[in-house]
Amino acid sequence: MKKYLFALFVLMLLPQTALAQKGRFAPLPGWIKPIVDIPAFDPAGHHYDQQFLLVDRQLNLVSQFPVEYKRYTSKVVSIEGVESGSQISIDFDPSYQSVELHRLEVVRDGQTFDRKNTAKTAQFKREVDLDSLLYNGDETLHIVLNDIQVGDIIDFSYTLTGFNPVFGDNREWYVKTG
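These numbers were taken from a predicted model, which means no experiment stands behind them.

Caption draft 1: Just the overall build of the protein, in detail. A count of helical and extended segments in the protein gives two helices and eight strands. Of the regular secondary structure in the protein, the N- to C-terminal order runs α-β-β-α-β-β-β-β-β-β. The buried share of the protein, taken over its 178 residues, is 35%. Partitioning the contacts of the protein with sequence separation of at least 6, the portion at a separation of at least 24 is 70%.

See below:
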């Protein structure tokens, strides 16, 4: 009997999981100024397991809810990079932030492959200071890409909407004066 109840519980969760993953992806907002060309890999550049080719951060502080856009593009340069590059973690506080993914691509041998339909996503709580009895409510959206190889370029972007209401109209990078 317990086996059947467990199976029923799992079946009830499946549509919600698929819907949640499908709802995570959204088109790029119109206010973002996209960077079209990805810089070339520089063998002399700093890297260990991956070399970041592009890091883009854009802020929209004039909308009703402030939005932060981030895009990361890196090339996997070693076998260690296969593991680290294939796992993406986005930390946020769901009490005042939401996450939308816009790009999740792998470039291999000059061809771009959209990985939105094949990536595995999971969301879980991150109580990193639990040992100190500190609870902050942060969560992690964890994305796993399959079939990553040395030489692949991983290109992903997302937006975080909302900022901590404790700070009111003030931001860590912007202070309203006068």
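Further notes follow.
Caption draft 2: Local environment of the packing of aromatic side chains. Within this structure, the stated rule accounts for three aromatic pairs. Considering the side-chain rings of phenylalanine 52 and tyrosine 72, the 6.3 Å spacing of their centres and the 70° angle between planes classify their relative orientation as edge-to-face. Here phenylalanine 52, found in strand β1 (residues 50–60), pairs with tyrosine 72, found in strand β2 (residues 67–76); they are 20 residues apart in sequence, far enough to count as distant. With relative accessibility at 52%, the residue phenylalanine 52 sits in the exposed group. Residue tyrosine 72 is classed as partly exposed on the basis of its relative accessible area, which comes to 23%.

Caption draft 3: Quick look at the nonpolar core. Ranked by internal contacts, the top residues of the largest apolar core, which has 19 residues, are Ile88, Ile90, Leu104, Ile143 and Leu145. For this core, the secondary structure elements donating two or more residues are β3 (87–92), β4 (98–108), β7 (139–144) and β8 (153–161).

Caption draft 4: Quick peek at the sheet that holds β1. Strand order in the open sheet formed by five strands is β1-β2-β8-β4-β5, and the pairing between neighbours is antiparallel. Every interior strand has two partners, whereas the edge strands, β1 and β5 (111–114), have only one. For this sheet, the mean inter-axis angle between neighbouring strands, taken without regard to orientation, is 15°. As paired elements, β2 and β8 share nine bridges and run antiparallel to each other. When the sheet's bridge partners are listed, threonine 73 is paired in β8 with aspartate 155.

The rules behind these values
Residues numbered from 1 in each chain as written. Predicted model: local features only at pLDDT ≥ 70, side-chain atom pairs only at ≥ 80, totals over all residues. Heavy atoms only, no water. Helix = DSSP H or I, 4+ residues; strand = E, 2+ residues; numbered from the N terminus. Buried < 20%, exposed > 50% of the residue type's maximum accessible area, 1.4 Å probe, protein only. Contact = heavy atoms within 4.5 Å. Phe/Tyr/Trp six-rings, centres within 6.5 Å; stacked < 30°, edge-to-face > 60°. Core = buried A, V, L, I, M, F, W, Y, C linked by side-chain atoms within 4.5 Å. Pairing = 2+ DSSP bridges. Axes fitted to C-alpha atoms, helices over the stretch in contact; angles between N-to-C directions.

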